[in-house]
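# Examination of the molecular architecture
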Amino acid sequence: MDLTHKLEILADAAKYDASCASSGAAKKDSRGGKGVGSTGGAGICHSYAPDGRCISLLKVLLTNACLYDCHYCINRRSSNVQRARFTPDEVVQLTLDFYKRNFIEGLFLSSGIIRSADYTMELVIEVARKLREEHQFRGYIHLKTIPEASPALIEMAGRYADRISINIELPTQEGLTKLAPEKNLDRTQEAMGHIRGKIEERHTEKRKPNAPKPPPFATGQSTQMLVGADDSTDAVILQRADVLYSDYRLRRVYYSGFSPIPEPSSLLPIKPPPLVREHRLYQADWLLRFYGFRVDEIASADAPNLDLQLDPKLAWALRNRATFPADVNRASREILLRVPGLGVRNVERILSARRYTRLRLADLLLLRVSMKKVLPFIIAADHTPARLGLDSDTLRQRFLPPPLQTELNFDAPPVSGEIDSVRSGEL
Amino acid sequence: MRTVVIQPVFGEWRERARELLALRVPPEEVLWSEDGEDPGLFDILETASPLGDVPKVPAAFLDLARRVAAHRDARRWGVLYRVLWRLTFCGERHLLSLPTDRDVHQLQQWQKTINRDVHKMHAFARFRLVGKDEASNREQFVAWFEPEHRIVRLASSFFEKRFVGMDWSILTPYECAHWDGSKLHFSPGVPRSAAPDEDALDELWRTYFRSIFNPARLKVHAMQTEMPKKYWKNLPEAPLIADLISGSSERVKQMLRTEARPAKPAPKNAYLDYLRELNTPTQSPPEAPSQSA
Ligand code: SF4
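## Structural notes on the site of the ligand
- Taken together, the residues surrounding the ligand are C66, Y68, C70, C73, N75, R76 and K183 of chain A.
- Among the residues making up the shell around the ligand, the classes are represented as 4 nonpolar, 1 polar and 2 charged.

Have a look at this one:
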């Protein structure tokens, strides 16, 4: 099979992994070496596919042959998809060739599991080793690891990679047992705990005065959870994410709305969830990480699913009207962060500006705050919302999106234009 | 009122601004101009009073000014000088912490535009292999990019750090940057025809672009906000976009029509047996199968 054909199959097989981040790596560059590559800072999207996803890394599988039978996955052993396998050298060459043309930030390598977890991990690690040691490649490397691989191999992966990840796939063991019978939640979390330990160990070593620089280790781990493949509610999904952030210090949890695949499995829903559900989960995730919200404030036992019509912060504000209005010239950072329409950056700007001036609506307009969203919830030097407005039940109506068709397929309820902003983190 | 004619680069403005500050010339009395014969500022200045001290300005302002200077808006020199004046002689040392100030806001908007332009150059400049230097055995690459603003110098250090191990040039209509493995240098702009159109790897890159796209999640608007059409003409993958979009709904329908496949029984495999045992807790943990399994 020629290289083009392999690339076709093995990129196609990798596209269901949502992560393409190339940020958060330690600062390094190719000065003083013979090769190419640099990392550090925000990471760059070198292209965008018409699915709106950033193309930052060469994201491929080493092979799409797999012993496992995860029913949401096109590579599972029950699928009749055509199989292919790169040699480590082919991936190394592709990575270097693409990198030198400034197509990519680096490599995201994953693999179907062949023979055993350790055997597969060794092949994956070999690619990273060659890039780093034989070609002095200093670009970004993200390696997918297998929880059942031996700890020594996971450590070796971490030495070459900037980021390592293990996909948790589904938030509960019941879901896994049904849809990914070979996978196990406890083992996955155990491996994540091990990786967390290694990341922190290196961090402490690095800070010791006068100690030699410790060998490199990945600066973060991330994971992906599938949405809509099993019947887990948003509350269950967000609780799992919360555990992963707080107990395992993950950098990112990616939510991937289950999308139809060629070679569908008889165990899976025919209809994928609306794309907007995934979007709402990302917004909720941002509220947990940057806005000081707790999971039970966003999705509780009584209302376990996010409102698809409204963003979760606005939905929370409408449920907690007594908290408002908040005075932009006085309220604490914590409260300002909860005002619908104020993002993290604008809250910082407001806090900075109000040390010297009393903010008026025109000032907020200058900061591009959405007036429609904030007006009912804030007091400014020249504005007090009508009490009646905040109490009235028509407030929700006011924020519902207009009934227009969008390009989202599959009966998704319409969403407003904000859908693009979520990855940048402004709500 | 005096007219100050400058070359549109940061260093020029900085010199002129220092002189004006030293003479305590308030911003209302200066007209900045990028066109026309430079009458020589010093000729005008020499007739004025002797130079006074130039007060210190916050480092953050110099960073901001360096970036804003790359913008093409002719008003930038005046706004920069006004903010400088306010920072130094109007007792507004905190001015940069006031994002709602109209001048500061304007500078920050310009800075944002510049940062975006630089970022897009880092993202979308595409190197093409043109040869190999016989003596040094280094590969040589050339890229073409059309920045909106005068950002080549701002954007180049990134490429310098990243692509040490190859020789490269980035050509643009107004200025070009070159790296030979030891130092960065700049030369005047060139026309598009000076840069190569293709690279042998373009086709493989298109294969990747086509294959990584998921037709079940079409979001054309999201793609275009991040990768506006004006960049497409220099991106080898862009010609595929229209067909990928128009073919996507048929591909999804096809997937939904496909008959679902039943699960296949597990093949005989020592590792799978091992996993199965792990997943059904027993008294003693099973042994991992040997590598040769
Ligand atoms: S382990 Fe599961 S998710 Fe991973 S490639 Fe195999 S079948 Fe797909």
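Following the structure, the description resumes.
## A word on the pairing of strand β7 (residues 184–188) of chain B
Residue and element names in this part refer to chain B.
- Of the pairings in the sheet, the one linking strand β6 (residues 175–179) to β7 comprises 5 bridges and is antiparallel in character. Opposite W179, over in β7, you have L184 as the bridge partner.
- Adjacent in sequence and paired antiparallel, β6 and β7 are bridged by 4 residues, among which G181 carries a positive phi angle near 100°.

## Overview of the interface of chain A and chain B
- Chain A puts 91 residues into the contact, and the matching count from chain B is 80 residues.
- For the pair chain A and chain B, the two sides together bury roughly 7,500 Å², of which 59% comes from carbon and sulfur.
- Considering only the surface of chain A that becomes buried against chain B, Y48, P50 and R101 of chain A emerge as the three largest contributors, covering 11% of it.
- In this structure, E139 of chain B and K100 of chain A form a salt bridge, with 2.7 Å as the shortest nitrogen-oxygen distance.
- Put simply, chain A and chain B have 35 residue pairs in polar contact (both at pLDDT 80 or more) between them.
- Listing elements by their share of the side of chain A that touches chain B, those giving two or more residues are α1 (3–12), β1 (47–48), β3 (57–61), α2 (88–100), α3 (117–134), α8 (275–290), α12 (344–353) and α13 (361–366) of chain A.
- Looking at the side of chain A that touches chain B, the element that brings in the most residues is α1 of chain A, giving 6 residues.

## Thoughts on the pattern of salt bridges
- The tally for this structure, following the rule as stated, stands at 52 salt bridges over all chains.
- A salt bridge links R132 of chain A to D162 of chain A, with the shortest nitrogen-to-oxygen separation between them at 2.9 Å. Taken together, the residues span a long stretch of sequence, with R132 of chain A in helix α3 and D162 of chain A in the loop between α4 (151–160) and β6 (163–165) at a distance of 30 residues. For the pair shown, R132 of chain A and D162 of chain A are each scored as buried.
- Here E146 of chain B and K233 of chain B are joined by a salt bridge, their closest N and O atoms 3.1 Å apart. Of this pair, E146 of chain B sits in the loop between β4 (139–144) and α6 (152–162) while K233 of chain B is found in the loop between α8 (220–226) and α9 (241–257), placing the two residues 87 residues apart along the sequence.
- Of the residues examined, E146 of chain B reaches a relative accessible area of 30% and is grouped as partly exposed.
- Residue K233 of chain B is classed as exposed on the basis of its relative accessible area of 59%.

## Brief notes about the nonpolar core
- Membership of the largest hydrophobic core comes to 175 residues, with the highest contact counts inside it found for L7, F98, L238 and Y255 of chain A together with W168 and Y208 of chain B.
- In terms of residues, this core owes the most to one element, α3 of chain A, which gives 9 residues.
- In contact with L238 of chain A, not counting residues within four places along its chain, are Y255, L281, A284, D285, L288, V295, I298, A299 and L306 of chain A.
- Among the nonpolar cores identified, the runner-up in size contains 28 residues, and F10, L20, L23 and W85 of chain B belong to it.

## Quick notes on the packing of helix α3 (residues 59–68) of chain B against helix α4 (residues 76–89) of chain B
Residue and element names in this part refer to chain B.
- Put simply, α3 and α4 touch, their axes get as near as 11 Å, and they point 170° apart. Overall, the two elements α3 and α4 adopt an arrangement that is roughly antiparallel. Each of F61, A65 and V68 in α3 lies in contact with α4, whose residues at this interface are R76, L80, V83, L84 and L87.
- Of the residues belonging to the contact of α3 with α4, the class tally is 7 nonpolar, no polar and 1 charged.

## A few points about the environment of A211 of chain A
- Positionally, A211 of chain A belongs in the loop between α6 (185–207) and β7 (220–227).
- Taking the C-alpha atoms as reference points, A211 of chain A and Q221 of chain A, separated by 10 residues in sequence, lie 25 Å from one another.

## Details of the environment of L400 of chain A
Residue and element names in this part refer to chain A.
- Structurally, the position occupied by L400 is in the segment after α16 (394–399).
- For L400, a relative accessible area of 21% gives the class partly exposed.
- The residues touching L400, leaving out its near neighbours within four places in the chain, are Q309 and L310.

Criteria and thresholds
- Residues numbered from 1 in each chain as written.
- Chains lettered and ligands numbered in written order.
- Predicted model: local features only at pLDDT ≥ 70, side-chain atom pairs only at ≥ 80, totals over all residues.
- Heavy atoms only, no water.
- Near = heavy atom within 4 Å.
- Nonpolar A, V, L, I, M, F, W, Y, C, P; charged D, E, K, R; others polar.
- Pairing = 2+ DSSP bridges.
- Helix = DSSP H or I, 4+ residues; strand = E, 2+ residues; numbered from the N terminus.
- Contact = heavy atoms within 4.5 Å.
- Buried area = accessible area lost by both parts, 1.4 Å probe.
- Salt bridge = Lys/Arg side-chain N within 4 Å of Asp/Glu carboxyl O.
- Polar contact = N/O pair within 3.5 Å; in protein donor to acceptor, adjacent residues only side chain to side chain.
- Buried < 20%, exposed > 50% of the residue type's maximum accessible area, 1.4 Å probe, protein only.
- Core = buried A, V, L, I, M, F, W, Y, C linked by side-chain atoms within 4.5 Å.
- Axes fitted to C-alpha atoms, helices over the stretch in contact; angles between N-to-C directions.
- Parallel < 35°, antiparallel > 145°, perpendicular 65-115°, else oblique.

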